[in-house]
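# Fold and contact review
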Amino acid sequence: MNIAIIETLHVIIATTIVGLTIANYFYCTINFNTPLLSPFILRISLLFDLLIIVPAIIFTVITGVKLVNLYHFSFDTDWIKAVFLIISIILGIQICLAIIKLLYYLNDMITKSVYFKYPFHFFYWIIILGYVIIIHDAVMRRALLFS
């Protein structure tokens, strides 16, 4: 496959992931305050995470590995190690969020508990911060966190 096609797909999917994650966060945050909508919002967000976000992250990792090989970068480069570490953390957090959403959806606890909101906000802000660091590292080609 042509390197330009892989790079274009990688950038488009990665940009879409960032935008959709932020949109999902704000959509849920705004609509969780309505008790009648909460189970519906939770179900849509859960399906969105499992069917769109997680597979897109995995696809981005695969294309990222392919681009590292095609551009003859080393996996020992600090910014590449940092990007793969952060995307692994983000993927783990997305899966944890999906499990939390599933548990709350199955137990119908979203309308009865405020404890859901604390990890929800915390995890999403960690994910957004991780995306900002990944974008910085990829553009600057140097690791922000460690060297």
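Residues numbered from 1 in each chain as written. Predicted model: local features only at pLDDT ≥ 70, side-chain atom pairs only at ≥ 80, totals over all residues. Heavy atoms only, no water.

### Focus on the overall build of the protein chain
Helices and strands together make up the secondary structure of the protein chain, namely 4 helices and 0 strands. Taken from N to C terminus, the helices and strands of the protein chain fall in the order α-α-α-α. Seen along its three principal axes, the alpha-carbon backbone of the protein chain occupies a region of about 55 × 30 × 20 Å. Going through the 147 residues of the protein chain one by one, you find that 36% of them count as buried. Of all intrachain contacts in the protein chain linking residues separated by at least 6 positions in sequence, the fraction that spans at least 24 positions is 72%. Total accessible area on the protein chain stands at roughly 8500 Å², and carbon and sulfur atoms take up 75% of it. Charged side chains of the protein chain number 8 positive and 6 negative; the gap between the two group centres comes to 7 Å. (Helix = DSSP H or I, 4+ residues; strand = E, 2+ residues; numbered from the N terminus. Buried < 20%, exposed > 50% of the residue type's maximum accessible area, 1.4 Å probe, protein only. Contact = heavy atoms within 4.5 Å. Areas by Shrake-Rupley, 256 points an atom, 1.4 Å probe, with all protein chains shown as cover. Lys, Arg positive; Asp, Glu negative; His and termini not counted. Charge placed at Lys NZ, Arg CZ, Asp CG, Glu CD.)

### Comments concerning the pattern of salt bridges
Following the criterion strictly, the structure yields 2 salt bridges and no others. Between aspartate 49 and lysine 101 there is a salt bridge, and its shortest N-O distance comes to 2.6 Å. Of this pair, aspartate 49 sits in helix H2 (residues 38-70) while lysine 101 sits in helix H3 (residues 78-107), and the two are 52 residues apart along the sequence. Each of the two residues, aspartate 49 as well as lysine 101, counts as buried. With a shortest N-O distance of 3.9 Å, aspartate 78 and lysine 81 are connected by a salt bridge. Taken together, the residues span about one helical turn, with aspartate 78 and lysine 81 both in helix H3 at a distance of 3 residues. When its relative accessible area of 37% is taken as the criterion, lysine 81 is described as partly exposed. (Salt bridge = Lys/Arg side-chain N within 4 Å of Asp/Glu carboxyl O.)

### Thoughts on helix H4 (residues 117-140)
For H4, which comprises 24 residues, the first-to-last C-alpha distance of 34 Å matches the rise-based estimate of 34 Å (1.5 Å per residue) to within 8%. Residues Phe120, Phe123, Tyr124, Ile127, Ile128, Gly130, Tyr131, Ile133, Ile134 and Asp137 constitute the buried set of H4. In this fold, the buried residues of H4 make contact with helix H1 (3-31), H2 and H3. Positive phi appears at arginine 141, one or two residues downstream of H4, with a value of about 55°. (Expected span 1.5 Å × (residues − 1).)

### Digging into the state of the cysteines
Applying the stated criterion to the full structure yields 0 disulfides. The thiol sulfur of cysteine 28 is not disulfide-bonded, and the nearest other cysteine sulfur, from cysteine 96, lies at 17 Å. On the basis of relative accessible area, cysteine 28 is assigned to the buried category, the value being 0%. On the basis of relative accessibility, which here comes to 37%, the residue cysteine 96 falls in the partly exposed class. (Disulfide = S-S within 2.5 Å.)

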